[in-house]
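Residues per chain are reported as follows:
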Amino acid sequence: MKKFWKFGFSAGLAAVLMAGCGGETAVEEEQDVETPAEPPTEVAEAEFPVTLVDALGEEVVIEEEPQSIVSMIPSNTEIVYELGLGDKVVGVSDFDNYPEETADVEKIGGMEFNVEKIISLQPDIVFAHESGLGAGTEGLEQLTDAGLTVFVVDNAQSFEEVYDTITIIGQAAGVTEEADALVEQMKVQVEDISEQAGSVEETKSVFVEVGSDPEIFTTGSGTFMDEMLQLINAENVAGDQEGWVSMDPEAIVAANPDVIVTTEGGYIENAEELIKSRSGFAEVTAVQEDAVYSVDSDAVTRSGPRLTAGLLELARAVYPEVFSE
């Protein structure tokens, strides 16, 4: 019998995060964001073994540079590929949809992962994730007991923490210079966007909808979307709440946001029109001004390299007069 272990998400939060995990591939618009710097032509050979502390507080010893990798969550996968390690990836989650090469990689499950499948792939390292702890911890222990090196990556909640994640994955995989270059490139992109947002003359209030069924979910403080709104000089109408929270339609109408942004457009047809047609929403400024927009869910929620593209896309939606195409 196949052995599966379930990630430890709460039901409500899982529904929101599933959108970011990529149930379906969202169409990614061309972004005027510089691509990460090319890896140096001559790279110093990585020194192993290395010892790193993971999200469990465990010291993980990586004896040799990994030649085969299993990634258990899309954000880890996107980092690994951006660091030029795609040819080493032998297993990814069912939710992985970027880059397109992941379609041809062996799938190891989603919120429930197949322990036996991962073991059969014999990866040199398994990049797990802190969000998968809880019910999935026993499964990770089985991987370790089978002799696999498992590194649990921290659940990044900010750009700075994403930079740390990229750095530590680079150290674990033996590509520290590539990781440093990617982090520096992302910092430059964020700084450029933030500086451009400094020219905004009138700050707009924004409601971000990340889930609509059965309840409307939004992002409060301590989330990427809240940080992104701060970076582009916009006000989050749910900024006085913390984390991923539900919000009554009446409260949204009362907040009267200047702009409404939805991350559901990639998998719900006419997501913007559904919002506009809600009872009472006709009096909301965002609806009256036709300022209801859809952004790529994966780009604004996955804790990986595409966050800078997501930041620019959000900026263009909120301040099209400042961030022109």
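What you see is a predicted model, and the numbers here were worked out from it, not measured in a lab.

Some points on the overall build of the protein
- If you tally the helices and strands in the protein, you get twelve helices and 14 strands.
- Looking at the protein residue by residue over its 325 residues, the buried ones come to 51%.
- Within the protein, contacts between residues separated by at least 24 positions form 67% of all contacts whose residues are at least 6 apart in sequence.
- Summing over all exposed atoms, the protein offers an accessible surface of approximately 15000 Å²; the carbon and sulfur share of this is 45%.

A short note on the sheet that holds strand β13 (residues 259-262)
- Read from one edge to the other, the open sheet built from four strands follows the order β11-β9-β13-β14, with strand pairing classed as parallel. Two strands bound the open sheet, and with one partner strand each, they are β11 (235-236) and β14 (292-294).
- As judged from the four bridges shared by strand β9 (residues 205-209) and β13, these two strands associate in the parallel manner. Residue pairing across strands places Glu 209 opposite Thr 262, the latter belonging to β13.

With respect to the sheet that holds strand β5 (residues 89-91)
- A sheet is described by the order of its strands in space; here four strands give the open sequence β5-β4-β7-β8, paired in parallel fashion. Edge positions in the sheet fall to β5 and β8 (150-153), since each of these pairs with one other strand and no more. On average, each strand axis in the sheet is inclined to that of its neighbour by 30°, with strand direction left out of account.
- Relative to β8, strand β7 (residues 125-129) runs parallel, the two sharing four bridges. Bridge pairing links His 129 to Val 153 in β8.
- Lying over the sheet, helix α4 (residues 137-145) contacts β7 and β8, oriented at roughly 145° with respect to β8.

A closer look at the pattern of salt bridges
- As enumerated under the stated definition, the model contains ten salt bridges in all.
- Notably, a salt bridge pairs Glu 65 with Lys 88, separated by 3.2 Å at the nearest N-O pair. One end of the pair, Glu 65, is in the loop between β3 (59-62) and β4 (69-71); the other, Lys 88, is in the loop between α2 (74-82) and β5, and 23 residues separate them in sequence.
- Across the salt bridge formed by Glu 273 and Lys 276, the nearest N and O atoms sit 3.4 Å from each other. Of this pair, Glu 273 and Lys 276 are both found in helix α9 (residues 271-276), three residues apart, which corresponds to roughly one turn of the helix.
- Overlapping salt bridges bring together Glu 78, Asp 296, Asp 298, Arg 302 and Arg 306 as one network.

Some thoughts on helix α5 (residues 159-173)
- Look at α5: 21 Å from first C-alpha to last across 15 residues, which is about the 21 Å you get at 1.5 Å a residue.
- Buried within α5 we find Phe 159, Val 162, Tyr 163, Thr 165, Ile 166, Ile 168, Ile 169, Gly 170, Ala 172 and Ala 173.
- In the stretch just after α5, Gly 174 is the one whose phi turns positive, near 80°.

Focus on the side chain of Ser 93
- Note that Ser 93 resides in the loop between β5 and β6 (112-114).
- Discounting residues that sit within four places of it in the chain, Ser 93 has contacts with Ser 71, Met 72, Ile 73, Pro 74, Lys 107, Ile 108 and Gly 109.

Structural notes on the packing of α5 against helix α6 (residues 176-197)
- The contact between α5 and α6 brings their axes to 7 Å, and the two run at 165°. The orientation of α5 relative to α6 falls into the category roughly antiparallel. Every pair of crossing elements has a handedness; the one defined by α5 and α6 is right-handed. Residues Phe 159, Val 162, Tyr 163, Ile 166, Thr 167, Gly 170 and Gln 171 of α5 form the contact with α6, whose own contacting residues are Thr 176, Ala 179, Leu 182, Val 183, Met 186, Lys 187 and Val 190.

Brief notes about the pairing of strand β2 (residues 50-53)
- Because side chains alternate across β2, one face comprises the buried residues Val 50 and Leu 52, and the other comprises Thr 51 and Val 53, none of which is buried.
- Relative to β3, β2 runs antiparallel, the two being bridged by four bridges. Counterpart to Leu 52 in the pairing with β3 is Val 60.
- A loop of five residues connects β2 with β3, the two strands running antiparallel in sequence, and Gly 57 in this loop sits at a positive phi of about 80°.

Criteria and cut-off values
Residues numbered from 1 in each chain as written. Predicted model: local features only at pLDDT ≥ 70, side-chain atom pairs only at ≥ 80, totals over all residues. Heavy atoms only, no water. Helix = DSSP H or I, 4+ residues; strand = E, 2+ residues; numbered from the N terminus. Buried < 20%, exposed > 50% of the residue type's maximum accessible area, 1.4 Å probe, protein only. Contact = heavy atoms within 4.5 Å. Areas by Shrake-Rupley, 256 points an atom, 1.4 Å probe, with all protein chains shown as cover. Pairing = 2+ DSSP bridges. Axes fitted to C-alpha atoms, helices over the stretch in contact; angles between N-to-C directions. Salt bridge = Lys/Arg side-chain N within 4 Å of Asp/Glu carboxyl O. Expected span 1.5 Å × (residues − 1). Parallel < 35°, antiparallel > 145°, perpendicular 65-115°, else oblique. Left-handed = near helix turned anticlockwise from the far one by under 90°.

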